[in-house]
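Spelled out from the first residue to the last, the chains are:
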Amino acid sequence: MNQHNPTASQVQSFHPRAREALQNDQLRGNFRRAMDGLMGKRKAAFEGWDLESLRTLGAAVRQRALARLPDLLEQLESQLTSNGIQVHWATDADEACRIIRDICVAREARTVIKGKSMVSEEMELNHYLEAEGIEALESDLGEYIVQMAEQTPSHIIMPAIHMNTDEISELLHRKTGTDRSHDVNYLTASARQQLREKFMNADVGVSGVNFAVAETGTLCLVENEGNGRMTTTVPPCHIAVTGIEKVVPSLADVAPLLALLTRSATGQHLTTYFNMISRPRQPGEPDGPEAVHLVLVDNGRSGIYQDDELIDTLRCIRCGACMNHCPVYTRVGGHVYGTTYPGPIGSILMPHLLGLDETRHMPTASSLCGACGEVCPVKIPIPDLLVRLRRESVDGDSVHPGVVKGHGVKRGRWESLAWRGWQWMHANPGLYRTGTRMAARFRALQPASAGAWTRVRTAPRLAPKTLHQLMKQRADSNSSDNGGSR
Amino acid sequence: MTSREDILQRLRNRRDGELPMPELDYGSMTGRDWSAAQKLDLFQAMIETVHGEVHRATDEEWLDTLAGILKQRQARNLLTPLKHPIGAEIRASGHPDLPELLSYGEPVEHWQRELFNDVDAAITSTRGAIAETGSLILWPGIDEPRLMSLVPPIHIAVLEADQIFATFLEAMELQRWSAGMPTNALLISGPSKTADIEQTLAYGVHGPKELIVIVRQ
Ligand code: SF4
């Protein structure tokens, strides 16, 4: 689908990478500390709230927006256009990259400065632009660090969470000549200095969008650093990119989603900045970009939209809470997944973007403990969706045949034959009785190891008698004990 | 077929048919009937937890408060609005302790380097504040452009005490935002900050290091 998506081998080496990550004490410590902190802060931030009602409201707001999605997108487009913002549509990541490149080329832009945008990560926009000779620099401090390290974000909210201060200090020293230091304030100040130069010289600013309001034609951005405001204000041209699912009907819808987003993500009552953009620079205004564009990216989303169960995936407001609370993610970190979005949200989203063949490990990278679904601010039933995708990867059943790209990738001939036999046996009482009796009789032949299952568990043993036999015995002895007493 | 038509058509011809529209119950977000004093106290407490500094002053004393803040920080200059009454008042006061007053009189392109490197502090008005989250509401524009509250290391915001709303929802409703949004609307809760280096908070990463609110009562 997309020339620069991670290769299958990259995505599929989940297990070896997980083993490696589990043995890396440094990495595990970094994640453990960070995730414990985020979980605690989230809890504190919702103190005094009727969280259940608020989550129900958040889910309903998103559901209503999705129910009217095509109309809202058209309303958003016409409102933005009349506000002077140009709207573009992209069916996939490549087209979105091309649109942005074309805008840059038309403006003779050589340098792009970027605010944090997960959609642009999904598109691998930086690589695309660089291959076209356009410099793309991340300005969110975490993204800036990750880009310098030539890595990808390991968390959707805190991209550089896998690194510690020493590693970052060494990196900044090597790449920018900043003195080595443990002082986070010093490191931050030096990045500020370097990035300010870049802001002043950038030709285009590229940002993401948290909510797009159809009623007023307003793009809303949530951030703490101010780099998002810089990106959307200093360069003469601002290009916002967003998934098509981010649109909401009205400003009133923004309030509950915002209340849920920042508290769920980082435990903040509100981020430092909530930036709402409705127009390019107007006559007389001394700053702001003269041109503003919005690129609406589908990239698999309209496919997810078709299905009554899978559509819940599109409610996501990208808070990251499901990752912070996931016992798998918090132990292995984000890079192990090998995809733009890691953790529970990644596991329910990426199979649609890349196909189940390339992401077959994701739906099973979960213990189905349910923590993700419990914290999700918009009540996405993540565990149910994981189970659905597991079913899809063995091609569903007669009631729900597989529909997701790459469905059936895990269906094995022997396994489906075994289940066919199981089904046959359970439909024939005589066969069932003979079968279970035989199994009990020859139980000594049962192998002691059953692959991955018995690596960390003892194998369950078959009982000498079947349940049927036991129950029958009990009934017989009961009737002889109580015989004739009533 | 264009991509636009293609996407819209796929959304409209949805395989599983029409989607339900659940009811919205805003109960968990409304019913904060706080008094004006409670709202002010809450606003102050909330913005202080995120490193904002609050000074309460009367209309008579606020210029002294402002001058004191700037003097203490040895600010060499103050970017001041030209037309807004607070700008006019500052300029007319001739207060001896105020630093050099600058104005954003021309497009940023003409003086970008100066703005980024030489301005120590800026003062702006606000359209009010939100008690629940400790947030200031700003609608930057011709007189108080967007970069004023972002680029200088110190941002001083003047808030009228009777303009504090309970919640963001209430502020948008009472100020009728949906009737017409400005080029840019902002909520500001504290100075610019990051926790991207090992979860350690650092202030002033891209925007102001200090956010100081003068509440006029
Ligand atoms: S799935 Fe839910 S918890 Fe996870 S990022 Fe999306 S909104 Fe947040």
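Parameters and conventions
- Residues numbered from 1 in each chain as written.
- Chains lettered and ligands numbered in written order.
- Predicted model: local features only at pLDDT ≥ 70, side-chain atom pairs only at ≥ 80, totals over all residues.
- Heavy atoms only, no water.
- Helix = DSSP H or I, 4+ residues; strand = E, 2+ residues; numbered from the N terminus.
- Buried < 20%, exposed > 50% of the residue type's maximum accessible area, 1.4 Å probe, protein only.
- Contact = heavy atoms within 4.5 Å.
- Areas by Shrake-Rupley, 256 points an atom, 1.4 Å probe, with all protein chains shown as cover.
- Lys, Arg positive; Asp, Glu negative; His and termini not counted.
- Charge placed at Lys NZ, Arg CZ, Asp CG, Glu CD.
- Pairing = 2+ DSSP bridges.
- Axes fitted to C-alpha atoms, helices over the stretch in contact; angles between N-to-C directions.
- 1 Å grid on protein atoms, 1.4 Å probe; cavity = no way out; pocket = protein on both sides within 12 Å on 5 of 7 lines; lining within 4 Å.
- Points joined across faces, edges and corners; volume = space filled by probe spheres on them.
- Nonpolar A, V, L, I, M, F, W, Y, C, P; charged D, E, K, R; others polar.
- Polar contact = N/O pair within 3.5 Å; in protein donor to acceptor, adjacent residues only side chain to side chain.
- Buried area = accessible area lost by both parts, 1.4 Å probe.
- Salt bridge = Lys/Arg side-chain N within 4 Å of Asp/Glu carboxyl O.

Across its full length, chain B carries 6 helices and 12 strands. Dimensions along the principal axes, computed over C-alpha positions, put chain B at roughly 70 × 45 × 40 Å. The buried share among the 217 residues of chain B stands at 57%. Contacts in chain B between residues far apart in sequence, at least 24 positions, make up 72% of those at least 6 positions apart. For chain B, the exposed surface amounts to about 9,300 Å²; the carbon and sulfur share of it is 49%. In chain B, which carries 20 positive and 32 negative side-chain charges, the distance between the mean positions of the two groups comes to 6 Å.

Next up on the list: the sheet that holds strand β2 (residues 111-114) of chain A. Residue and element names in this part refer to chain A. Overall, parallel pairing links the 6 strands, which are arranged β1-β10-β7-β4-β2-β3 in an open sheet. The sheet terminates laterally at β1 (85-90) and β3 (135-138), the two strands that pair on one side only. Along the sheet, successive strands turn relative to each other by an average axial angle of 20°, direction set aside. Pairing geometry for β1 and strand β10 (residues 291-297), over 6 bridges, is parallel. Residue pairing for β10: valine 87 is matched across the bridge by leucine 294. Contacting β1, β2, β4 (204-207), β7 (237-243) and β10, helix α6 (residues 93-106) runs over the sheet at an angle of about 145° to β1.

Once that is clear, we can look at empty space enclosed by the protein. Considering all chains together, one arrives at 5 cavities of 30 Å³ or more under this definition. Computed from the structure, the largest cavity encloses a volume of approximately 110 Å³. Lining the largest cavity are 15 residues, with A:Ala255, A:Ala259, B:Glu132, B:Thr133 and B:Phe168 sitting closest to its centre. Residue assignment for the lining of the largest cavity shows that the elements contributing at least two residues are α13 (251-266) of chain A together with α6 (168-174) of chain B. Among the elements that take part in the lining of the largest cavity, α13(A) stands out by supplying 4 residues, more than any other. For the lining of the largest cavity, the residue count by class is 10 nonpolar, 3 polar and 2 charged. The computed volume of the second largest cavity comes to approximately 90 Å³. In terms of lining residues, the second largest cavity is bounded by 16 residues, among which A:Cys326, A:Pro344, A:Ser366, A:Cys372 and A:Leu386 are the most central. Looking at the lining of the second largest cavity, the elements that each hand over two or more residues are α17 (343-354) and α18 (371-375) of chain A. Ranked by residue count, the leading element in the lining of the second largest cavity is α17(A), at 3 residues.

So, about the side chain of A:Glu138. Residue and element names in this part refer to chain A. Along the chain, the position of glutamate 138 falls in strand β3. Engagement of the side chain of glutamate 138 in a polar contact is seen with the side chain of lysine 114, the distance being 2.7 Å. Residues in contact with glutamate 138, not counting those within four places in the same chain, are Lys114, Gly115, Glu121, Asn126, Glu143, Tyr144, Gln147 and Leu195.

On to the layout of surface pockets. A volume near 1,100 Å³ is recorded for the largest pocket. For the lining of the largest pocket, the secondary-structure elements that each account for two or more residues are α3 (25-45), α7 (118-123), β6 (218-223), α12 (227-233), β7 and α13 of chain A together with α2 (36-49) and β10 (193-194) of chain B. Here the lining of the largest pocket takes 4 residues from α13(A), the largest share from any one element.

Accessible area lost on assembly of the parts is the figure often given for the size of an interface. Contacts between the two partners involve 76 residues from chain B and, on the opposite side, 102 residues from chain A. Counting each side, the surface lost to burial between chain B and chain A is near 7,700 Å², with a carbon and sulfur contribution of 58%. Looking only at chain B, the three residues that lose the most surface to chain A are B:Asp196, B:Ile197 and B:His206, adding up to 11% of its buried area. Taken together, the links from chain B to chain A amount to 9 salt bridges.

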